[in-house]
Amino acid sequence: MADQPIIVLDRVSKSYGTSAVLRECSTAVARGEVVVICGPSGSGKSTLIKCINGLEPYQSGSIRFDGIEVGAKTTDLPKLRTRIGMVFQHFELYPHMSALENIMLAQVHALGRSRSEAEARARALLARVGLSEKADARPVNLSGGQQQRVAIARALALDPQVMLFDEPTSALDPEMISDVLDVMVELAAEGMTMLVVTHEMGFARRVADRIVFMNHGEIVEETPKDEFFSAPRTRRAQEFLSKIMAH
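Reading the values: rules and limits
Residues numbered from 1 in each chain as written. Predicted model: local features only at pLDDT ≥ 70, side-chain atom pairs only at ≥ 80, totals over all residues. Heavy atoms only, no water. Core = buried A, V, L, I, M, F, W, Y, C linked by side-chain atoms within 4.5 Å. Buried < 20%, exposed > 50% of the residue type's maximum accessible area, 1.4 Å probe, protein only. Contact = heavy atoms within 4.5 Å. Phe/Tyr/Trp six-rings, centres within 6.5 Å; stacked < 30°, edge-to-face > 60°. Helix = DSSP H or I, 4+ residues; strand = E, 2+ residues; numbered from the N terminus. Polar contact = N/O pair within 3.5 Å; in protein donor to acceptor, adjacent residues only side chain to side chain. 1 Å grid on protein atoms, 1.4 Å probe; cavity = no way out; pocket = protein on both sides within 12 Å on 5 of 7 lines; lining within 4 Å. Points joined across faces, edges and corners; volume = space filled by probe spheres on them. Nonpolar A, V, L, I, M, F, W, Y, C, P; charged D, E, K, R; others polar. Pairing = 2+ DSSP bridges.

Peer 1: So what's going on with the nonpolar core? Residues and values would help.
Peer 2: Ranked by internal contacts, the top residues of the largest apolar core, which has 53 residues, are Ile152, Met163, Phe165, Met184, Met194 and Phe203. Setting aside its immediate chain neighbours within four residues, isoleucine 152 contacts Val87, Met163, Phe165, Val180, Val183, Met184 and Leu187. Judged by nonpolar contacts, the second largest core, of 27 residues, contains Ile7, Val29, Ile52 and Phe65.

Here it is, written out as structure tokens:
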């Protein structure tokens, strides 16, 4: 149903041994919503979004994607991941394949598209992210920003309903960041549901509908963007914002 949240987290907890990484995290994401997840390093942000597509298991609580319980033993995670695009901090491209081949691979193997269909879609997406001329280049011959744009195109090639971004610009040189953020801004403008872990507060201010602020594995604040930037409710969020905005 269109009015139902596409992602619902209910008291999700995760530990590594005796170390708690997520503590009873609850939130929901509406279709078409852009949510930025921020907070200090080690607060559980990346782990939280990796739990959403089953890359990280969680010990208790519930995550439902479009009504499917992600943690259930019966859930077909490879199939689920075709509906949830993921962009990582360090690109994760196959080094022995060209940009075009990286974008084609999952289309052929996960969606069963023909090679000609997959290639047409891959070329269209390379054009969309401004890299038509790099179709035959391998990752080693691409800049970090170009690799990340190929990674975004690869995720989009599966026609996902949601895109997850795990600090997509943190491994990039400053001058490359804007090229990647521009692609993400366009996606948001087109109505893509997005969860973005980032320290790029300019991007958050421009694109986010809502900010989720985490600390020590807890969601300590979630508010509309304007409210978060003008009057964060918690002292920890105030400290975080004052430090990050100073730079």
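Peer 1: Quick rundown of the packing of aromatic side chains? Include the residues and the values.
Peer 2: When we look at a pair of aromatic rings, we describe it by the centre distance and by the angle of the planes. Under the criterion given, the structure shown has three aromatic pairs. Note on phenylalanine 213 and phenylalanine 228: the rings are 6.2 Å apart at their centroids and 35° apart in plane angle, and the pair reads as tilted. Linking phenylalanine 213 in strand S9 (residues 210–215) with phenylalanine 228 in helix H8 (residues 225–230), this pair joins segments that are 15 residues apart in sequence. The class of phenylalanine 228 is buried, set by a relative accessible area of 0%. Pairing phenylalanine 213 with phenylalanine 240 gives two aromatic rings, centres 5.3 Å apart and planes at 55°, and the pair type is tilted. Residue phenylalanine 213 is found in strand S9, and its partner phenylalanine 240 is found in helix H9 (residues 235–246); the two are separated by 27 residues along the sequence. With relative accessibility at 0%, the residue phenylalanine 213 sits in the buried group. Three or more aromatic residues joined by ring pairs form one cluster here, namely Phe213, Phe228, Phe229 and Phe240.

Peer 1: Could you give me a rundown of the side chain of serine 98, with the residues and numbers involved?
Peer 2: Structurally, serine 98 is set in the loop between strand S6 (84–87) and helix H3 (99–110). One polar contact links the side chain of serine 98 to the main-chain carbonyl oxygen of alanine 135, over a distance of 3.5 Å. Other than its neighbours up to four places away in sequence, serine 98 contacts Ala135, Asp136, Ala137 and Arg138.

Peer 1: Lay out the layout of surface pockets in plain terms, naming residues and giving numbers.
Peer 2: Taken as a whole, the largest pocket spans an internal volume of roughly 540 Å³. Take the lining of the largest pocket: its biggest share by element is five residues, from H3. Split into classes, the residues belonging to the lining of the largest pocket amount to twelve nonpolar, five polar and three charged.

Peer 1: Could you give an account of the environment of alanine 20, with specific residues and numbers?
Peer 2: You can see alanine 20 is positioned in strand S2 (residues 19–29). Given the relative accessible area of 32%, alanine 20 is considered partly exposed. When the C-alpha atoms of alanine 20 and glutamate 218 are compared, they prove to be 9.9 Å apart, with 198 residues separating the residues in sequence. Each residue touching alanine 20, except ones within four places of it in the same chain, is listed here: Lys14 and Ser15.

Peer 1: I'd love a proper account of the side chain of glutamine 147, names of residues and values included.
Peer 2: Position of glutamine 147 relative to the elements: it lies in helix H5 (residues 144–156). Within the structure, the side chain of glutamine 147 is placed 3.4 Å from the backbone oxygen of proline 139, a separation counted as a polar contact. Setting aside chain neighbours within four positions, we find glutamine 147 in contact with Phe91, Leu93, Pro139 and Leu142.

Peer 1: I'd love a proper account of the pairing of strand S3 (residues 34–38), names of residues and values included.
Peer 2: Within S3, five of the five residues are buried, which leaves it mostly tucked inside the rest of the structure. Of the two faces of S3, the one holding Val34, Val36 and Cys38 and the one holding Val35 and Ile37 are both buried throughout. In this sheet, strand S8 (residues 193–197) lies alongside S3 in parallel orientation, the contact comprising four bridges. Residue pairing in the sheet places isoleucine 37 in a bridge with valine 197 of S8. Bridge count between S3 and S9: four bridges; the pairing is parallel. Across the sheet, the residue bridging to cysteine 38 is phenylalanine 213, located in S9.

Peer 1: Could you give me a rundown of the environment of serine 41, with the residues and numbers involved?
Peer 2: You can see serine 41 is positioned in the loop between S3 and helix H1 (45–52). Between the C-alpha atom of serine 41 and that of histidine 199, which follows or precedes it by 158 residues, the distance is 9.9 Å.

Peer 1: Go over empty space enclosed by the protein, please, and point to the residues and values.
Peer 2: Evaluated as defined, the whole model comprises one cavity of 30 Å³ or more. Roughly 50 Å³ of internal volume is contained in the largest cavity. Taken together, Leu9, Thr27, Val29, Val35, Ile37, Leu48, Ile52, Leu195 and Val212 make up the lining of the largest cavity. Residue assignment for the lining of the largest cavity shows that the elements contributing at least two residues are S2, S3 and H1. The class makeup of the residues in the lining of the largest cavity is eight nonpolar, one polar and no charged.

These values are about where atoms sit, not about what they do.
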